[in-house]
Amino acid sequence: MNEGASGYMIEAHGLVKRYGKFTAVDHLDLQVNKGEIYGLLGPNGAGKTTTIKVLCGLLKLSGGEAYVNGKPIPDRRIAAQIGYMPQETALYLGLTVHQNMAFFGEIFGLTKREIGERERDLLEFINLSGWRDEMVGNLSGGMKHRVSLACALIHMPPLLLLDEPTVGVDPELRVSFWDYFNDIKSQGRTIVITTHYMDEAGHCDRIGFMHNGLLIAEGEPGELLVMTGTDNLEDAFMSFSASDRKGAEQ
Amino acid sequence: MRRARFFTVTKRVFKDLKNDKRSLALIVIAPIFVMFVFGLAFSGEVKNVKVVVVNQDQGAAVAGGGTMSLSEKIISNLDAEVLKLEYADDRDAALAQVENGDAYAAIIFPSDFTSSALAVIDDRSSGSSTDIELLLDKSNINVANAITKAVNDALLATIDQAGMQTPVKVETEAVFGQNAKFMDFFVPGIMAFAVYMITTLLTLVTFVGERTSGTLQRMLATTLNERDIVMGYAAAFSIIGIGQAILLLLVGILVFDITVVGNVLLAFLVIALLAIVSQALGILLSSTARREAQAIQVLPFVVLPAFLLAGIFWPIEAIPTWLRPLSYLVPPTYAVDASRAVMLKGYGIGKIWIDIVALLAMAAVFLTLAVWSLRTRKD
């Protein structure tokens, strides 16, 4: 196939993921450019998380094919190029912030010095410099979220797959999260983010609307508003999902 | 590269334990606690059993004047550690005490005991004999057996002292375990049991945590694969298992004065293998639980069979024949057998290789299943 020639960070053709009879992701075609923030939007159960997990290699494909940075997945070697932030906190609460970050750094073969340097930068980045030796279990929910992001960034991956990173995050912190994401983007890295908060999706370069495992629309936020003649993404989504239902009935 | 990767997981398990005082206490204190509780309470030896003696024996005159009483000699030969003797005047009073549960047994010597016995010795062809009557509460088998044994031993010792000849005698010589106490037998067993129970429990709970918190998914999204994670855990818990074995052995030697005749390093190897089997079992079982509370529900099925069937407290030969095949399905059975053979009999690897092969086979099966249980999550 056209491996890597396309220059896409993520390229998926006819991606299918079934759990038994249930089809969570249904023939998804997806192209994510290098250096963009791509938002996967949709209600709970739309197939966003499943898509992310398939791209991480956490789930097997039931059909179709997908490439990450030109390499077909699943392939364990690609993992080093991906920073995955799961929906759950997914940190060791009994370890300190430093021990958590060091663990995920060591997995990728980073040296003590590399970990030390990156940790300093990342802690500054997420405003937790004074919390290096605190038990993660003692941190507030928002702080844990930021540490979780830092753990996904420790090995400097060119691609970040963030699953609902802003769920349960207060509005103020959500704003600073988007500042982080824009910073990461400005370093030339790619971010795929899932969310069901339509209002914050406007920060993305491009958006894909997911509904019942299908990608029902895709484009820049402004484009989608123009296409549907709406003034917010929520209404735009409703408009697309309504026409999708109509299409399915015919 | 691979070695370094799984070692990262091993290191993390240790850091986690270092910060987690409760689990650390479980690892260090629980086995010692188990050893003390069982070692002190369940010594396997019956002691201080109340027995009522009714001695109506009149004795018999012997050549050279005076009387002799065989019954008194027998009574003085009764093991004073096992039996706590009290005396009653007649059979009815003694029987009443046994019936009331005040005493476990009544030993009754008839009035013509000595004279009848001597008559039998003088004239073997007479065909008559005399009896010691033992009224026994047999509802507690262990106690009943201990009393019967004490009476028989005293009788044999008396016959021996009196210089009387018995047609047949049994000569006993210890091939192994001369002066062996119950604790010598018990420590290798409790070592295996404690390591098995604590390792399984700890991996089970830790791994349910890894699954529910999402850290397992996060690890699997890195360059680590399922095998690295299982191997990382296996390395950590085999080291912890050896640590526990050393600790228990030290307590056994220092507090309970146990004798170890074999190579303890070989016993540690066996315990390490058992720890690997146990942690793989813990990971496997964790796939059946969605929450830590659910993990606790499977514990009785892990602990009880091992407790009862592995030959820790009583030999496998004491288990009904039809149940014995199950003994060979619980991992500690092999570790108990091997470490006991090494520590008590001084056996080398050449004689316990079957146990080691069995443990290796179980390790291979359970490790494979543990890796498989992590992989099937992807479907």
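Residues numbered from 1 in each chain as written. Chains lettered and ligands numbered in written order. Predicted model: local features only at pLDDT ≥ 70, side-chain atom pairs only at ≥ 80, totals over all residues. Heavy atoms only, no water.

Visitor: Looking at this model, I keep getting lost on the overall build of chain B. Mind explaining?
Guide: A tally of helices and strands in chain B yields 15 helices and 6 strands. Rg of the C-alpha trace for chain B: 29 Å, well past the compact-globule value of 21 Å for 379 residues, more than 25% over. Along the first, second and third principal axes, the C-alpha set of chain B runs to 100 × 45 × 40 Å. Within chain B, the proportion of its 379 residues that are buried is 47%. Of the contacts made within chain B by residues no fewer than 6 positions apart, 80% connect residues no fewer than 24 positions apart. Summing over all exposed atoms, chain B offers an accessible surface of approximately 18,800 Å²; the carbon and sulfur share of this is 60%. (Helix = DSSP H or I, 4+ residues; strand = E, 2+ residues; numbered from the N terminus. Rg over C-alpha atoms; globule rule 2.2 N^0.38 Å. Buried < 20%, exposed > 50% of the residue type's maximum accessible area, 1.4 Å probe, protein only. Contact = heavy atoms within 4.5 Å. Areas by Shrake-Rupley, 256 points an atom, 1.4 Å probe, with all protein chains shown as cover.)

Visitor: How do you make sense of the interface of chain B and chain A when you look at a structure like this?
Guide: Interfaces are often described in size by the accessible area the parts lose on coming together. On the chain A side, the residues contacting the 26 residues of chain B number 32 residues. Together, the buried faces of chain B and chain A total about 2,600 Å²; carbon and sulfur atoms form 56% of this surface. Linking chain B with chain A are 2 salt bridges. Here A:E106 ties to B:K11 by a salt bridge, and the two come within 3.1 Å at their closest N and O atoms. Joining chain B to chain A, the criterion identifies 13 residue pairs in polar contact (both at pLDDT 80 or more). Only α1 (2-19), α7 (182-213) and α8 (215-220) of chain B provide two or more residues apiece to the side of chain B that touches chain A. Among the elements that make up the side of chain B that touches chain A, the one with the highest residue count is α1(B) (8 residues). Of the residues contributing to the side of chain B that touches chain A, the split by class is 5 nonpolar, 10 polar and 11 charged. (Buried area = accessible area lost by both parts, 1.4 Å probe. Salt bridge = Lys/Arg side-chain N within 4 Å of Asp/Glu carboxyl O. Polar contact = N/O pair within 3.5 Å; in protein donor to acceptor, adjacent residues only side chain to side chain. Nonpolar A, V, L, I, M, F, W, Y, C, P; charged D, E, K, R; others polar.)

Visitor: I'm lost on the domain arrangement of chain B in this one. Help?
Guide: Per the domain assignment, the segments of chain B are domain 1 (2-42 + 178-378) and domain 2 (49-161). For domain 1 of chain B and domain 2 of chain B, the distance between their C-alpha centroids amounts to 50 Å. (Domains from an automatic or database assignment.)

Visitor: Even after reading the chapter, I still don't get the packing of aromatic side chains, so can you show me in this structure?
Guide: Here the distance between the centres and the angle between the planes together describe a pair of aromatic rings. Taken as a whole and judged by the stated rule, the model has 21 aromatic pairs over all chains. Centre to centre, the rings of A:F125 and A:Y180 are 4.6 Å apart; their planes meet at 50°, and the pair counts as tilted. Of the two residues, A:F125 is situated in helix α3 (residues 112-125) and A:Y180 in helix α5 (residues 171-186); the sequence distance between them amounts to 55 residues. Ring geometry for A:F177 versus A:Y180: centroids 5.6 Å apart, planes at 55°, classification tilted. Here A:F177 pairs with A:Y180, and both are found in helix α5, just 3 residues apart, close to one helical turn. Its relative accessible area of 0% is what places A:F177 among the buried residues. Judged by its relative accessible area of 5%, A:Y180 is buried. One aromatic cluster in this structure is built from B:F38, B:F186, B:F193, B:F307, B:F313 and B:W314. Across the ring face of A:Y19, the terminal group of A:K17 is positioned such that the distance to the ring centre comes to 5.5 Å. (Phe/Tyr/Trp six-rings, centres within 6.5 Å; stacked < 30°, edge-to-face > 60°. Lys NZ or Arg CZ within 6 Å of the ring centre and 35° of its normal.)

Visitor: Before we go on, may I ask you to explain the environment of A:T89 in this structure?
Guide: By the element assignment, A:T89 lies in the loop between β6 (82-85) and α2 (97-107). Spatially, the C-alpha atom of A:T89 lies 23 Å from that of A:L110, the residues being 21 residues apart in sequence. Ignoring anything within four residues of it in the chain, the contact list for A:T89 reads A:K144, A:S148, B:S213 and B:R218.

Visitor: Which parts of the structure should I look at to understand the packing of α7(B) against helix α10 (residues 264-286) of chain B?
Guide: To characterise two packed helices, one gives the angle between the axes of the helices and the distance between these axes. Residues and elements named next belong to chain B. Interaxial distance between α7 and α10 falls to 7 Å at its minimum, and their mutual angle equals 35°. Taken as a pair, α7 and α10 cross one another with a handedness that is right-handed. Here M191, A192, V195, Y196, T199, T200, T203, L204, F207, V208 and R211 of α7 lie close against α10, whose contacting residues are I271, L274, A275, S278, Q279, L281, G282, I283, L285 and S286. Partitioned by chemical class, the residues of the contact of α7 with α10 number 13 nonpolar, 7 polar and 1 charged. (Axes fitted to C-alpha atoms, helices over the stretch in contact; angles between N-to-C directions. Left-handed = near helix turned anticlockwise from the far one by under 90°.)

Visitor: Is there a simple way to think about the nonpolar core in this case?
Guide: General note: in soluble globular proteins, nonpolar side chains tend to be found buried as a group. Among the nonpolar cores identified, the biggest contains 167 residues, and A:I10, A:L161, A:F181 and A:F209 are the most heavily contacted of them. Among the elements that take part in this core, α7(B) stands out by supplying 17 residues, more than any other. Among all residues touching A:L161, those that are not within four sequence positions of it are A:I10, A:I52, A:L55, A:C56, A:I82, A:G83, A:Y84, A:M85 and A:V192. Membership of the second largest hydrophobic core comes to 21 residues, among which are B:I75, B:F113, B:V143 and B:A146. (Core = buried A, V, L, I, M, F, W, Y, C linked by side-chain atoms within 4.5 Å.)

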